[in-house]
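# Understanding the architecture of this molecule
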Amino acid sequence: MRHYFLIGFLIFLGIKLHAQDSSIPLNIPITNTDTLTAQHNGYNIDSLKLVVSKNLIKGDTLKSAWTLLRLMDAYSHKAQYAKAYETVWSALTLVDNSENMLMKSHIYRRLGAMYSYNKRKEEALKYLQLSLDIMKQLIEKGRMPKASLAHNYYTFSYTYRGLDDPELAKKYLDSALIYYGDVPDKIALPFIKFEEAYVLREEKKYDEAMQTLQEIEPWFQQNSPSYLVLVYAYWAVIHQKQGNIDKTIEYYKKAISISDKYQSHIDFTPFIYEKMAENYNLKEDYEEAFRYLNKARTLNAKFFDGRSQGNVSLMEIKNEYRLEKQRQQEVIRQQHLEKLEQQDKILLLQRIILGTSLIFVIIIGFVYVKHIRSKHRVEKRLMQKNKALEMEQAHQLLETKNKELAASTLQLVEKDEFLKKLKTELRGENGNIKVSEINRVLKSISVGSANNWEEFKLRFTDVNKHFYEKLNTTYPNLSQTDQKICALIKLNLSSKDMARLLGISTKSVHTTRHRLRKKMGLQRSDNLEELIASL
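The following refers to the structure shown.

Side chains of Lys370, Arg373, Arg377 and Arg381 sit close together on the surface and give a patch of like positive charge. Among the structural elements, Arg381 can be located in helix 17 (residues 320-428).

The structure is reproduced here in structure tokens:
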């Protein structure tokens, strides 16, 4: 639908559909300077219109856009700026929604050039910068070589030339030369040399500027003779600045001759006629000066006066499809803004829900961790309490067994005392008891005493399992009697009970204890009972 609308608009511009086929190379981007006139290339404006129409019907928007740029260039050379302006906007509309950023870059560059023709500096620089930014993005993505930037900087350079700003023209020309390289759409070097000649002229380096123009003249005669309109006109300016009026008029006439022959750069001829009138005036040939001045005024009115028939549409900017496109884009922009606002609200709600959920999870986690820690503390206290209880029970059991052992020991002592008493009585009595029987009883008593001690040792070791092991490890030089004394001290027996149990005197017990302290290396202030109790 969009293509048919454009076809209708192009018919409005004057495109007639014909049956014959026509095609042109479409792979090389266009500048306003590197294209020959339609006649010199062998293609007139009607042929270009036909190509656009056929490609639009086929749906080939890319070829249509390229051809529209050529058509715009042809209109520009004929100073039909209204049609050129509408044509370049047609090309932009074709690729507006496409992803072909390279094509958009070229169209923006051409649109900027169009605005510069009419001295609309702000719009011109805006579109030229858009073109340059797109090209830089393509280079960053690796889709275009860096040398492609030369075209953009070159366009800036000749735009500032047209705006009579030689400093910026030189700045961008230097950038164009820096990036200049061998790429498919590279600018022919003579075009750049021409801009260099302009800069040299403005720097008052007239001889260098003249030499540069002489060097590039043969190339333009062979490859792009229509561009010699500008070459000879700028050449004439150099002669004028050098005070050579005859040469100035000669080169202006050459420029007009080329323009008439190829019907190119006719928008530039009013400037040439004005300069011709100025120079004839200097020669005091007022008749010729008046004639050329009239031609200049007539052409200025035709090409640039807003009241002229050819420029009415340009001043009114009759570009209905572009305006409609802008309205559509505004509607789309509003819808997009509403969508973004709705997305922002949804995103905000999601963030609130997420934040609330996160806080809830943190609280639950905090409560759970606190519960686990509290549980662990309770379990730890319970374990400590149980351990303390077990230790207390073990201690009580140990004390109980020690008390039992002590009681048993005392019983053994009493038993031994009884047996000793019996033994004494048996020895001191006279009776019918046989001596052999007495001896047997006495022997059994002695054996029983030894067995009693062994039984005591076993029961003591069972209660205090590691006592003898620690005692022997710490004090390996103790005798058997010393070990017995230590065991009885462990049971807290008195010296008297020890003497009765061991069958020795109390004095002997004291002597043994004293000897034991020496063997252990104890001082007078050291407590023997506490030391043995710790084993």
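This brings us to helix 12 (residues 228-241). Look at helix 12: 20 Å from first C-alpha to last across 14 residues, which is about the 20 Å you get at 1.5 Å a residue. Counting buried residues along helix 12, 12 of its 14 residues qualify, which places the element largely inside the surrounding structure. Those residues of helix 12 that sit buried are Leu228, Val229, Leu230, Val231, Tyr232, Ala233, Tyr234, Trp235, Ala236, Val237, Ile238 and His239. Where helix 12 is buried, its residues meet helix 8 (149-162), helix 10 (189-202), helix 11 (206-223), helix 13 (245-262) and helix 14 (269-282). In the stretch just after helix 12, Gly243 is the one whose phi turns positive, near 85 degrees.

On to the side chain of Asn279. Counting through the fold element by element, Asn279 comes out in helix 14. For Asn279, the residues in contact, after removing those within four places along its chain, are Gln240, Ile245, Thr248, Ile249 and Tyr252.

Running from N to C, helix 12 and helix 13 cross one another at 170 degrees; their axes reach a closest spacing of 8 Å. The orientation of helix 12 relative to helix 13 falls into the category roughly antiparallel. The residues of helix 13 that touch helix 12, namely those facing Leu228, Val229, Tyr232, Ala233, Trp235, Ala236, Val237, His239 and Gln240, are Lys247, Thr248, Tyr251, Tyr252, Lys254, Ala255, Ile258 and Ser259. Here the contact of helix 12 with helix 13 is composed, by residue class, of 11 nonpolar, 4 polar and 2 charged.

What follows concerns the packing of aromatic side chains. Summed over the entire model, instances satisfying the criterion amount to 24 aromatic pairs. In textbook terms, an aromatic cluster arises when at least three aromatic residues are bridged by ring pairs, as seen for Phe191, Phe194, Tyr198, Trp219, Phe220, Tyr227, Tyr234, Phe268 and Phe271. Just above the ring of Tyr232 sits the side chain of Lys254; from NZ or CZ to the centre is 5.3 Å. Geometry around Tyr251 places Lys254 over its ring, the cationic atom sitting 4.5 Å from the centre.

Moving on, we come to the packing of helix 12 against helix 14. Following both chains from N to C, one finds helix 12 and helix 14 inclined at 25 degrees, their axes separated by 12 Å at the closest point. Considering their axes alone, helix 12 and helix 14 lie roughly parallel with respect to each other. Seen along the crossing, helix 12 lies across helix 14 with a hand that is left-handed. Here Val229, Ala233 and Gln240 of helix 12 come into contact with helix 14, specifically with Ile272, Lys275, Glu278 and Asn279. The class makeup of the residues in the contact of helix 12 with helix 14 is 3 nonpolar, 2 polar and 2 charged.

What counts, and at which threshold
- Residues numbered from 1 in each chain as written.
- Predicted model: local features only at pLDDT ≥ 70, side-chain atom pairs only at ≥ 80, totals over all residues.
- Heavy atoms only, no water.
- Patch = residues over 30% accessible without salt bridge, like charges linked within 9 Å, V, L, I, M, F, W, Y side chains within 5 Å.
- Areas by Shrake-Rupley, 256 points an atom, 1.4 Å probe, with all protein chains shown as cover.
- Salt bridge = Lys/Arg side-chain N within 4 Å of Asp/Glu carboxyl O.
- Lys, Arg positive; Asp, Glu negative; His and termini not counted.
- Charge placed at Lys NZ, Arg CZ, Asp CG, Glu CD.
- Helix = DSSP H or I, 4+ residues; strand = E, 2+ residues; numbered from the N terminus.
- Expected span 1.5 Å × (residues − 1).
- Buried < 20%, exposed > 50% of the residue type's maximum accessible area, 1.4 Å probe, protein only.
- Contact = heavy atoms within 4.5 Å.
- Axes fitted to C-alpha atoms, helices over the stretch in contact; angles between N-to-C directions.
- Parallel < 35°, antiparallel > 145°, perpendicular 65-115°, else oblique.
- Nonpolar A, V, L, I, M, F, W, Y, C, P; charged D, E, K, R; others polar.
- Phe/Tyr/Trp six-rings, centres within 6.5 Å; stacked < 30°, edge-to-face > 60°.
- Lys NZ or Arg CZ within 6 Å of the ring centre and 35° of its normal.
- Left-handed = near helix turned anticlockwise from the far one by under 90°.

As far as function goes, none of this settles anything; it's purely spatial.
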